[in-house]
Amino acid sequence: MNILFIGIGGGLGAISRFLVNEAFFKYLSFTFPLGILFVNILGCFLIGLFLGLSMPEKDSSYYFFIIGFLGSFTTMSAFTHQTILMMNTNILIAASYIIITITLSIVATYCGALLAR
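Residues numbered from 1 in each chain as written. Predicted model: local features only at pLDDT ≥ 70, side-chain atom pairs only at ≥ 80, totals over all residues. Heavy atoms only, no water.

Caption draft 1: Region of interest: the overall build of the chain. In terms of helices and strands, the chain carries 5 helices and 0 strands. Its helices and strands taken in sequence order, the chain reads α-α-α-α-α from the N to the C terminus. Considering only C-alpha atoms, the chain reaches an extent of 45 × 30 × 25 Å along its principal axes. Here the chain, with 117 residues, has 32% of them falling under the buried criterion. Residue pairs at least 24 apart in sequence account for 71% of intrachain contacts in the chain once pairs closer than 6 positions are excluded. A total accessible area of about 7,000 Å² is found for the chain, and carbon and sulfur atoms account for 75% of it. (Helix = DSSP H or I, 4+ residues; strand = E, 2+ residues; numbered from the N terminus. Buried < 20%, exposed > 50% of the residue type's maximum accessible area, 1.4 Å probe, protein only. Contact = heavy atoms within 4.5 Å. Areas by Shrake-Rupley, 256 points an atom, 1.4 Å probe, with all protein chains shown as cover.)

Caption draft 2: How the structure looks around the state of the cysteines. Tallied over the full model, the rule gives 0 disulfides. Residue Cys111 stays outside any disulfide, its sulfur separated by 12 Å from that of Cys44, the closest cysteine. (Disulfide = S-S within 2.5 Å.)

Caption draft 3: Highlighting the confidence of the model for the chain. Considering every residue of the chain, the mean pLDDT works out to 89; 98% of them sit at 70 or more. Summarising per-element confidence for the chain, the mean pLDDT is lowest in helix α4 (residues 76-87) (82) and highest in helix α1 (residues 2-27) (95). (pLDDT = per-residue confidence, 0-100.)

Caption draft 4: Representation of the environment of Ser54 within the structure. By the element assignment, Ser54 lies in helix α2 (residues 34-54). Residue classification places Ser54 among the buried positions, given a relative accessible area of 19%. Spatially, the C-alpha atoms of Ser54 and Phe18 are 27 Å apart, while their sequence positions differ by 36 residues.

Caption draft 5: Here's a closer look at the packing of α4 against helix α5 (residues 91-116). Where α4 contacts α5, the two axes come as close as 7 Å, and the packing angle between them is 155°. The angle between the axes of α4 and α5 places the two elements in the roughly antiparallel class. Here Phe79, Gln82, Thr83, Met86 and Met87 of α4 lie close against α5, whose contacting residues are Ile91, Ile93, Ala94, Tyr97, Ile98 and Thr101. Here the residues of the contact of α4 with α5 sort into 8 nonpolar, 3 polar and no charged. (Axes fitted to C-alpha atoms, helices over the stretch in contact; angles between N-to-C directions. Parallel < 35°, antiparallel > 145°, perpendicular 65-115°, else oblique. Nonpolar A, V, L, I, M, F, W, Y, C, P; charged D, E, K, R; others polar.)

Caption draft 6: The arrangement of α4 in detail. Helix length check: α4, at 12 residues, gives a terminal C-alpha distance of 16 Å against a target of 16 Å (1.5 Å per residue), a fit within 8%. For α4, every residue scored as buried is listed here: Ala78, Phe79, Thr83 and Met86. Buried positions in α4, seen along its axis, are confined to an arc of 130° and lie on one side of it. Looking at the packing, one finds that the buried side of α4 touches α1, α2 and α5. (Expected span 1.5 Å × (residues − 1). Arc of directions from axis to C-beta.)

See the structure below:
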């Protein structure tokens, strides 16, 4: 049953990531991938918040939301893909994107966990 929760959550997370990224691209047309940055920060914050509220209990909501939805919503493959594309044109922008994404993702996860306490 947990596999089903992961699959449904994963599908919804991937669709949500795509829609958020497209909305950022459509309405905030920057060369910097703000949509994926936003998704990664929000997803890390939500993982921290959820884990702070429910750990160590691994119930159906854990498999649906953490493993499925947020696991695919914040996929690092989108991050690495954008980074490689930027490295081909501007190494300084690519390096800044890496530093900002990793730093803010860690801070957001920590803040989510703190808020949950």
